[in-house]
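Notes for the structure review
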Amino acid sequence: MDDLDALREDLIGAVTRAQDLAALDAARVAALGKKGRVTGLMKNLGGLDPEARKDRGAALNRLKDEVAAAVEDRKQVLARAAMAEKLESERIDVTLPVRPGPLGHIHPISQTLDEIIAIFADMGFTVAEGPDIEDDFHNFTALNIPPEHPARQMHDTFYLPDRPDGTNMVLRTHTSPVQVRTMMSVPPPIRIIAPGRTYRSDYDMTHTPMFHQVEGLVIDETTHMGHLKGCLIEFARAFFDIDDLPSRFRPSFFPFTEPSAEMDIGCSRAGGALKLGNYGDWLEILGCGMVHPRVLEICGIDSSRYQGFAFGMGIERPAMLKYGIPDLRTFFDGDLRWLRHYGFLPLDMPSLALGLSR
Ligand code: PHE
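Everything numeric here is computed off the predicted structure, so don't read it as measured data.

Split into domains, the protein chain comes out as domain 1 (2-89) and domain 2 (108-342). The centre of domain 1, based on its C-alpha atoms, is set 80 Å off from the matching centre of domain 2.

So, about the pattern of salt bridges. Here the idea is simple: oppositely charged side chains can pair when their charged atoms come close. Using the criterion set out here, one finds 17 salt bridges in the structure. Of the charged contacts, one joins Asp 3 and Arg 56 as a salt bridge, the two residues approaching to 3.2 Å between their closest N and O atoms. Of this pair, Asp 3 sits in helix α1 (residues 2-17) while Arg 56 sits in helix α4 (residues 50-89), and the two are 53 residues apart along the sequence. On the basis of relative accessibility, which here comes to 43%, the residue Asp 3 falls in the partly exposed class. Residue Glu 262 pairs with Arg 250 through a salt bridge whose shortest N-O separation is 3.1 Å. Note that Glu 262 is positioned in strand β7 (residues 257-268) and Arg 250 in strand β6 (residues 247-254), a separation of twelve residues in sequence. Residue Arg 250 is classed as partly exposed on the basis of its relative accessible area, which comes to 26%.

What follows deals with a negative patch on the surface. Where like charges cluster on the molecular surface, the negative patch consists of Glu 234, Asp 241, Asp 243 and Asp 244. Summarising the element assignment, Asp 241 is placed in the loop between α8 (225-240) and β6.

So, on to the site of the ligand. Around the ligand, the structure places 14 residues, and the nearest of them are His 174, Ser 176, Arg 200, Gln 213 and Gly 312. Between the ligand and His 174 there is a distance of 3.0 Å, counted from a nitrogen atom to a side-chain nitrogen or oxygen. Between the ligand and Ser 176, the relevant distance is 2.9 Å, taken from a nitrogen atom to a side-chain nitrogen or oxygen of the residue. For the ligand, whose free accessible area comes to 330 Å², the fraction covered by protein is 91%. Elements that contribute at least two residues to the shell around the ligand include exactly β5 (210-220), β9 (281-291) and β10 (307-314). Sorting elements by how many residues they give to the shell around the ligand places β10 first, with three residues. Looking at the shell around the ligand residue by residue, the classes come out as five nonpolar, seven polar and two charged.

Two elements in contact, helix α2 (residues 21-32) and α4, have axes separated by 10 Å at closest approach and are oriented at 175°. What the angle tells us is that α2 and α4 run roughly antiparallel. Contacts between α2 and α4 involve Leu 21, Leu 24, Arg 28, Ala 31 and Leu 32 on the former and, on the latter, Lys 64, Val 67, Ala 68, Val 71, Arg 74, Lys 75 and Leu 78. Of the residues contributing to the contact of α2 with α4, the split by class is eight nonpolar, no polar and four charged.

A few words now on the pairing of β10. One ladder, built from eight bridges, connects β5 with β10; its direction is antiparallel. If you follow Asp 220 over to β10, its bridge partner there is Gln 307. Pairing of β9 with β10 involves five bridges; the strand directions are antiparallel. Its bridge partner lying in β10, Leu 286 is registered against Met 313.

Before going further, it helps to spend a moment on α8. Since the α-helix packs 3.6 residues into each turn, any two residues three or four apart lie on the same face. Under the 1.5 Å per step criterion, the end-to-end length of α8 is 23 Å for 16 residues, consistent within 8% with the ideal 22 Å. Of all the positions in α8, only Leu 228, Cys 231, Leu 232, Phe 235, Ala 236, Phe 239 and Phe 240 are classed as buried. Along the axis of α8, the buried positions cluster into a sector of 135°, meaning they face one direction only. Immediately beyond the C-terminal end of α8, within one or two residues, lies Asp 241, with a positive phi of roughly 55°.

The next point concerns helix α10 (residues 316-323). Within α10, burial applies to Glu 316, Pro 318, Ala 319, Met 320 and Tyr 323. Where α10 is buried, its residues contact α5 (108-122), β5, α8, β10 and α11 (336-342).

A cluster of nonpolar side chains, contributed by Val 98, Leu 103 and Leu 347, occupies part of the molecular surface with about 310 Å² of accessible area. The residue Leu 103 is located in the loop between α4 and α5 in this model.

A separate point is the packing of α5 against α10. Two measures define how a pair of helices packs: the angle their axes make with one another and the distance between the axes. For the pair α5 and α10, the least separation of the axes is 10 Å and the interaxial angle reads 100°. Considering the angle they form, α5 stands roughly perpendicular to α10. Taking contact as the criterion, the partners of Ile 109, Gln 111, Thr 112 and Glu 115 in α5 are, on α10, Glu 316, Ala 319, Lys 322 and Tyr 323. Along the lines of polarity and charge, the residues of the contact of α5 with α10 split into three nonpolar, two polar and three charged.

Cut-offs used in this document
Residues numbered from 1 in each chain as written. Predicted model: local features only at pLDDT ≥ 70, side-chain atom pairs only at ≥ 80, totals over all residues. Heavy atoms only, no water. Domains from an automatic or database assignment. Salt bridge = Lys/Arg side-chain N within 4 Å of Asp/Glu carboxyl O. Helix = DSSP H or I, 4+ residues; strand = E, 2+ residues; numbered from the N terminus. Buried < 20%, exposed > 50% of the residue type's maximum accessible area, 1.4 Å probe, protein only. Patch = residues over 30% accessible without salt bridge, like charges linked within 9 Å, V, L, I, M, F, W, Y side chains within 5 Å. Areas by Shrake-Rupley, 256 points an atom, 1.4 Å probe, with all protein chains shown as cover. Lys, Arg positive; Asp, Glu negative; His and termini not counted. Charge placed at Lys NZ, Arg CZ, Asp CG, Glu CD. Near = heavy atom within 4 Å. Polar contact = N/O pair within 3.5 Å; in protein donor to acceptor, adjacent residues only side chain to side chain. Nonpolar A, V, L, I, M, F, W, Y, C, P; charged D, E, K, R; others polar. Axes fitted to C-alpha atoms, helices over the stretch in contact; angles between N-to-C directions. Parallel < 35°, antiparallel > 145°, perpendicular 65-115°, else oblique. Contact = heavy atoms within 4.5 Å. Pairing = 2+ DSSP bridges. Expected span 1.5 Å × (residues − 1). Arc of directions from axis to C-beta.

Dropping the structure here:
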């Protein structure tokens, strides 16, 4: 059997030395192919006497299996090496910073909205939306502002042209109609904020006909004015990133809340510059109150069982304060140089965990 031992060494040696799949296949064919060396020896079996043929046949079969197994092993080794090489050549450093250039900039209003959403989302609020073009019912009547009510004059409303039935749609004057739409479509408990565009016929240094608000609404069986205050104080501190930002709630009036309040935060106006913090002066930032029982009833919610609070806040002014933007009207000029200066990088999404604005 000496000749087979030498042959085995030869053939398996060729297999294990193969450096790629093509060389491996050549080694396999040289041993086991139609004209391979083992196959050749098999063909010679016919010339042997039966006893010798049996032994020789068994030995050749073993050799054949050994070579085949070696080929399989080598194939695996080569495949692993090929994969390792491919992974190495395609390696990407995922810690490299992104190249922000060509992606443009996020408008400060969008950034501010994202920040506000991040803060309220952390408190368990979800985002609700409603249409910019509203009907009288959702914008006024359902909010306890019936026709001819003097409170209608609080807003300089844009009316759309007459409809066949004599009524007019309006550009919503506040985000409060989203309160109505939410209460009429989902059962309590409710905890939503509703950011969006709002419209009033007003244009000067501090007013634009289109501006943004975010509405908040919480309805359940136990929520009270203390929750309203805690929620909004926490919001203001998180948004402006001032831990000891003072705040106060002044009695006010809105037809859809009772009691109603306006929230002020601490500031200084020394030297004509507005600065937030514990400086003794006050700046109004939002309107709020406990949802009026009549509004709950109009929206189909049992006011003897449910109660809650609402608030509404402009976006532009807090954005100007936080980011030092001096002129309201520049928000809507569409000036790219302005946007490059005041805008934000698209991939720096605000989150409480990573910091609202970096
Ligand atoms: N909708 C009011 C406004 O635009 C703000 C507000 C909302 C007040 C919710 C109380 C409750 O001025």
